[in-house]
Amino acid sequence: QVHLVESGGGSVQAGGSLRLSCAASGSIFSINPMDWYRRAPGKQRELVATISRSGSTNYADSAKGRFTISRDNAKNTVYLLMNNLQPEDTAAYYCRIMLVTGATFWGQGTQVTVSS
(Lines give C-alpha, C1' and ligand atoms only; values in the text may rest on other atoms or scores of the structure.)
Protein backbone atom coordinates (compact mmCIF):
# COMPACT_ATOMS: atom_id res chain seq x y z
CA GLN A 1 0.00 0.00 0.00
CA VAL A 2 1.23 3.47 -0.90
CA HIS A 3 0.12 6.67 0.77
CA LEU A 4 0.62 10.21 -0.48
CA VAL A 5 0.29 13.10 1.93
CA GLU A 6 0.08 16.58 0.48
CA SER A 7 0.56 19.83 2.30
CA GLY A 8 1.21 23.50 1.68
CA GLY A 9 -2.03 24.70 0.15
CA GLY A 10 -3.81 27.79 1.37
CA SER A 11 -5.12 31.21 0.49
CA VAL A 12 -2.92 33.98 -0.85
CA GLN A 13 -3.31 37.25 -2.65
CA ALA A 14 -2.34 37.65 -6.27
CA GLY A 15 1.42 37.85 -6.62
CA GLY A 16 2.01 35.65 -3.61
CA SER A 17 3.77 32.32 -3.35
CA LEU A 18 3.06 28.87 -2.01
CA ARG A 19 5.10 25.68 -1.80
CA LEU A 20 3.28 22.39 -2.06
CA SER A 21 4.76 19.14 -0.78
CA CYS A 22 3.76 15.56 -1.40
CA ALA A 23 5.38 12.78 0.58
CA ALA A 24 4.98 9.15 -0.43
CA SER A 25 5.25 6.28 1.99
CA GLY A 26 4.53 2.59 2.07
CA SER A 27 5.53 -0.20 -0.28
CA ILE A 28 7.76 1.86 -2.53
CA PHE A 29 10.75 0.45 -4.32
CA SER A 30 11.37 3.16 -6.83
CA ILE A 31 9.34 6.05 -8.14
CA ASN A 32 9.55 7.14 -11.75
CA PRO A 33 7.74 10.34 -12.69
CA MET A 34 6.20 12.52 -10.04
CA ASP A 35 3.57 14.99 -11.21
CA TRP A 36 1.38 17.81 -10.03
CA TYR A 37 -2.12 18.17 -11.46
CA ARG A 38 -4.82 20.66 -10.68
CA ARG A 39 -8.56 20.89 -11.15
CA ALA A 40 -10.33 24.21 -11.06
CA PRO A 41 -14.11 24.41 -10.52
CA GLY A 42 -15.92 23.60 -13.73
CA LYS A 43 -12.74 22.66 -15.56
CA GLN A 44 -10.98 19.45 -16.47
CA ARG A 45 -7.98 18.21 -14.60
CA GLU A 46 -4.76 19.75 -15.92
CA LEU A 47 -1.19 18.51 -15.74
CA VAL A 48 0.81 21.35 -14.22
CA ALA A 49 4.32 19.92 -13.99
CA THR A 50 6.19 16.66 -14.08
CA ILE A 51 9.64 15.56 -13.00
CA SER A 52 11.46 12.35 -13.86
CA ARG A 53 13.58 10.37 -11.45
CA SER A 54 16.68 11.92 -13.00
CA GLY A 55 15.30 15.42 -12.54
CA SER A 56 14.09 16.29 -16.02
CA THR A 57 11.11 18.62 -15.84
CA ASN A 58 8.21 19.70 -18.02
CA TYR A 59 5.61 22.36 -17.36
CA ALA A 60 2.26 23.41 -18.66
CA ASP A 61 2.44 26.71 -20.51
CA SER A 62 0.47 28.32 -17.70
CA ALA A 63 3.15 27.29 -15.19
CA LYS A 64 6.31 28.09 -17.12
CA GLY A 65 8.38 30.82 -15.54
CA ARG A 66 6.33 30.85 -12.33
CA PHE A 67 6.27 27.31 -10.96
CA THR A 68 9.19 25.04 -10.12
CA ILE A 69 8.86 21.32 -9.52
CA SER A 70 11.54 19.45 -7.62
CA ARG A 71 11.95 16.16 -5.81
CA ASP A 72 13.94 14.53 -3.06
CA ASN A 73 14.33 10.87 -3.97
CA ALA A 74 15.72 9.99 -0.54
CA LYS A 75 12.51 11.29 1.05
CA ASN A 76 10.16 10.14 -1.75
CA THR A 77 8.86 13.70 -1.82
CA VAL A 78 7.93 16.05 -4.62
CA TYR A 79 7.54 19.80 -4.28
CA LEU A 80 5.88 22.52 -6.29
CA LEU A 81 7.02 26.07 -5.67
CA MET A 82 4.49 28.50 -7.07
CA ASN A 83 5.43 32.13 -7.47
CA ASN A 84 3.43 35.10 -8.73
CA LEU A 85 0.18 33.25 -8.17
CA GLN A 86 -2.86 34.57 -9.99
CA PRO A 87 -6.60 34.05 -9.43
CA GLU A 88 -6.68 31.64 -12.37
CA ASP A 89 -4.35 29.36 -10.42
CA THR A 90 -7.13 28.72 -7.92
CA ALA A 91 -7.72 24.98 -7.92
CA ALA A 92 -7.33 21.75 -6.02
CA TYR A 93 -3.80 20.50 -6.58
CA TYR A 94 -3.03 16.79 -6.66
CA CYS A 95 0.26 14.94 -6.79
CA ARG A 96 0.60 11.71 -8.68
CA ILE A 97 3.43 9.21 -8.69
CA MET A 98 4.19 6.27 -10.92
CA LEU A 99 6.24 3.39 -9.60
CA VAL A 100 8.65 1.39 -11.72
CA THR A 101 5.96 -1.30 -11.77
CA GLY A 102 3.68 1.08 -13.64
CA ALA A 103 1.28 1.48 -10.73
CA THR A 104 0.08 5.03 -10.15
CA PHE A 105 -1.09 6.67 -6.95
CA TRP A 106 -2.76 9.99 -6.22
CA GLY A 107 -2.70 12.34 -3.29
CA GLN A 108 -5.86 13.54 -1.59
CA GLY A 109 -5.53 17.05 -2.97
CA THR A 110 -4.74 20.40 -1.41
CA GLN A 111 -6.68 23.58 -2.12
CA VAL A 112 -4.99 26.69 -3.43
CA THR A 113 -7.06 29.87 -3.48
CA VAL A 114 -5.72 33.10 -4.96
CA SER A 115 -7.60 36.33 -4.45
CA SER A 116 -7.22 39.44 -6.59
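Computed from a predicted structure; not experimentally measured.

Thresholds applied
Residues numbered from 1 in each chain as written. Predicted model: local features only at pLDDT ≥ 70, side-chain atom pairs only at ≥ 80, totals over all residues. Heavy atoms only, no water. Helix = DSSP H or I, 4+ residues; strand = E, 2+ residues; numbered from the N terminus. Polar contact = N/O pair within 3.5 Å; in protein donor to acceptor, adjacent residues only side chain to side chain. Contact = heavy atoms within 4.5 Å. Pairing = 2+ DSSP bridges. Axes fitted to C-alpha atoms, helices over the stretch in contact; angles between N-to-C directions. Disulfide = S-S within 2.5 Å. Buried < 20%, exposed > 50% of the residue type's maximum accessible area, 1.4 Å probe, protein only. Phe/Tyr/Trp six-rings, centres within 6.5 Å; stacked < 30°, edge-to-face > 60°. Lys NZ or Arg CZ within 6 Å of the ring centre and 35° of its normal.

Chemist: Looking at this structure, I do not really get the side chain of Arg66. What am I missing?
Modeler: Assignment of secondary structure puts Arg66 in the loop between strand S6 (57-59) and strand S7 (67-72). There is a polar contact of 3.0 Å between the side chain of Arg66 and the backbone oxygen of Asn84. Residues in contact with Arg66, not counting those within four places in the same chain, are Leu81, Met82, Asn83, Asn84, Leu85, Gln86 and Asp89.

Chemist: Would you mind going over the sheet that holds strand S8 (residues 77-82) with me for this structure?
Modeler: The strands that make up a sheet pair up through hydrogen bonds in the backbone, lying either parallel or antiparallel. The strand order across the open sheet built from four strands is S1-S3-S8-S7, with neighbouring strands paired in antiparallel fashion. The open sheet terminates on both sides in strands that have one partner only, identified here as strand S1 (2-7) and S7. With direction set aside, neighbouring strand axes in the sheet form an average angle of 15 degrees.

Chemist: Looking at this structure, I do not really get the state of the cysteines. What am I missing?
Modeler: By definition, a disulfide links the sulfur atoms of two cysteines through a covalent bond. As enumerated under the stated definition, the model contains one disulfide in all. One disulfide bridge connects Cys22 with Cys95, the sulfur atoms lying 1.9 Å from each other. Sign of the S-S torsion, about 45 degrees for the bond between Cys22 and Cys95, identifies this disulfide as right-handed. In this pair, Cys22 is assigned in strand S3 (residues 18-26) and Cys95 in strand S9 (residues 91-99), connecting sequence segments 73 residues apart. Note on accessibility: Cys22 and Cys95 belong to one class, buried.

Chemist: Got a minute to help me understand the packing of aromatic side chains in this structure?
Modeler: Two measures describe an aromatic ring pair: the distance that separates the ring centres and the angle between the ring planes. A complete count under the given rule lists one aromatic pair for this structure. For the pair Tyr37 and Trp106, a centre-to-centre distance of 4.9 Å together with 55 degrees between the ring planes defines the contact as tilted. Placement of the pair is Tyr37 in strand S4 (residues 31-39) and Trp106 in strand S10 (residues 104-106), with a sequence separation of 69 residues. Overall, Trp106 belongs to the partly exposed group, its relative accessible area being 32%. Seen from the ring of Tyr79, Arg19 lies directly overhead, with NZ or CZ sitting 4.1 Å from the centre. Above the face of the Tyr37 ring, Arg45 is positioned so that its terminal group lies 5.5 Å from the ring centre.

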